[in-house]
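Chain by chain, the residues run as shown.
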Amino acid sequence: DARVTQTPRHKVTEMGQEVTMRCQPILGHNTVFWYRQTMMQGLELLAYFRNRAPLDDSGMPKDRFSAEMPDATLATLKIQPSEPRDSAVYFCASGSQGGQLDEQFFGPGTRLTVL
Amino acid sequence: GENVEQHPSTLSVQEGDSAVIKCTYSDSASNYFPWYKQELGKRPQLIIDIRSNVGEKKDQRIAVTLNKTAKHFSLHITETQPEDSAVYFCAASMGGTSYGKLTFGQGTILTVHP
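The notes below deal with the structure included here. A quick note: this is a predicted structure, and the numbers were derived from the prediction, not measured. (Residues numbered from 1 in each chain as written. Chains lettered and ligands numbered in written order. Predicted model: local features only at pLDDT ≥ 70, side-chain atom pairs only at ≥ 80, totals over all residues. Heavy atoms only, no water.)

1. Things to note about the sheet that holds strand 6 (residues 56-59) of chain B
Residue and element names in this part refer to chain B. The antiparallel open sheet is built from five strands, whose spatial order is 1-3-8-7-6. Because the sheet does not close on itself, it has two edges, and the strands there are strand 1 (4-7) and strand 6. Here the strands of the sheet are splayed against their neighbours by 15 degrees on average, with no regard to which way each runs. (Pairing = 2+ DSSP bridges. Helix = DSSP H or I, 4+ residues; strand = E, 2+ residues; numbered from the N terminus. Axes fitted to C-alpha atoms, helices over the stretch in contact; angles between N-to-C directions.)

2. So, the interface of chain B and chain A
With 20 residues of chain B in contact, the opposing surface of chain A contributes 26 residues. Where chain B abuts chain A, roughly 1900 Å² becomes buried across the two surfaces, and 48% of that area is made up of carbon and sulfur atoms. Linking chain B with chain A are one salt bridge. For Lys101 of chain B, the salt bridge goes to Asp56 of chain A, with nearest N and O atoms at 2.9 Å. Among the elements of the structure, strand 4 (32-38) and strand 5 (45-51) of chain B are those that each provide at least two residues to the side of chain B that touches chain A. For the side of chain B that touches chain A, the residue count by class is eight nonpolar, eight polar and four charged. (Contact = heavy atoms within 4.5 Å. Buried area = accessible area lost by both parts, 1.4 Å probe. Salt bridge = Lys/Arg side-chain N within 4 Å of Asp/Glu carboxyl O. Nonpolar A, V, L, I, M, F, W, Y, C, P; charged D, E, K, R; others polar.)

3. Let's talk about the state of the cysteines
Throughout the structure, instances matching the rule amount to two disulfides over all chains. Between Cys23 of chain A and Cys92 of chain A runs a disulfide, and the two sulfur atoms are separated by 1.9 Å. Residues Cys23 of chain A and Cys92 of chain A are joined by a disulfide whose S-S torsion is about -55 degrees; by sign, that bridge is left-handed. With a gap of 69 residues between them, Cys23 of chain A in strand 3 (residues 19-24) and Cys92 of chain A in strand 9 (residues 88-95) connect regions that are remote in the sequence. Judged by its relative accessible area of 0%, Cys92 of chain A is buried. Paired by a disulfide, Cys23 of chain B and Cys90 of chain B hold their sulfur atoms 1.9 Å apart. Between Cys23 of chain B and Cys90 of chain B the disulfide shows an S-S torsion of about -100 degrees. By sign, it is left-handed. Linking Cys23 of chain B in strand 3 (residues 19-25) with Cys90 of chain B in strand 9 (residues 86-92), this pair joins segments that are 67 residues apart in sequence. One exposure class covers both Cys23 of chain B and Cys90 of chain B, and it is buried. (Disulfide = S-S within 2.5 Å. Buried < 20%, exposed > 50% of the residue type's maximum accessible area, 1.4 Å probe, protein only.)

4. Quick look at the sheet that holds strand 3 of chain A
Sheet strands associate in pairs through backbone hydrogen bonding, adopting either a parallel or an antiparallel arrangement. Residue and element names in this part refer to chain A. In space, the four strands of this open sheet follow the order 1-3-8-7, with antiparallel pairing throughout. Two strands bound the open sheet, and with one partner strand each, they are strand 1 (5-7) and strand 7 (65-71). Taking each pair of neighbouring strands and ignoring which way they run, the sheet shows an average axis angle of 20 degrees. Here strand 7 runs beside strand 8 (residues 74-79); their pairing, made up of five bridges, is antiparallel.

In structure tokens, the structure reads:
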């Protein structure tokens, strides 16, 4: 049963520190999404990639967040410097866009706490 | 951009009753409407989806209806069970050959009392 994996599952850090979250999409999926979930804002799209190329990162604070896909099996989301307001659950999702295949499969999430 | 409104924010029902959650969307170009279920501390999981060329879709106890003219779609759960208790999210996107970007509703906390 193929699944999206994310590491770490939990991260506690202090304000100002760099945070890196990693995602391994399902093999063969060509689209990767990064979402942030908070009680106040719900599920927000931060950025996404198709065939490793960034398509839209308008949901991401550009001054501190960056997202990359160094290869087809790894997507990263970095926050530098982190702030308490970044505390949230960050989900990665992958899918195979094109044709009639639109389902996005979510990873287990990284719960980030910035003190 | 797309905006999705979801109601109600909380819903409490007795086991065996039906539950209905409603969503409206703003962008008439949206053509793919999935529903996700998220249990506490878990990842969102797709439970059913519908495309704009279909008015209704059913899968056992769950069904989704779509009214393109009014730009709203609904999730119907019949014969609810305690294990249906979760947060449900609707979403909308321009799927298919478009980029598949999902815009989510704010979620509905469903509680099914035994």
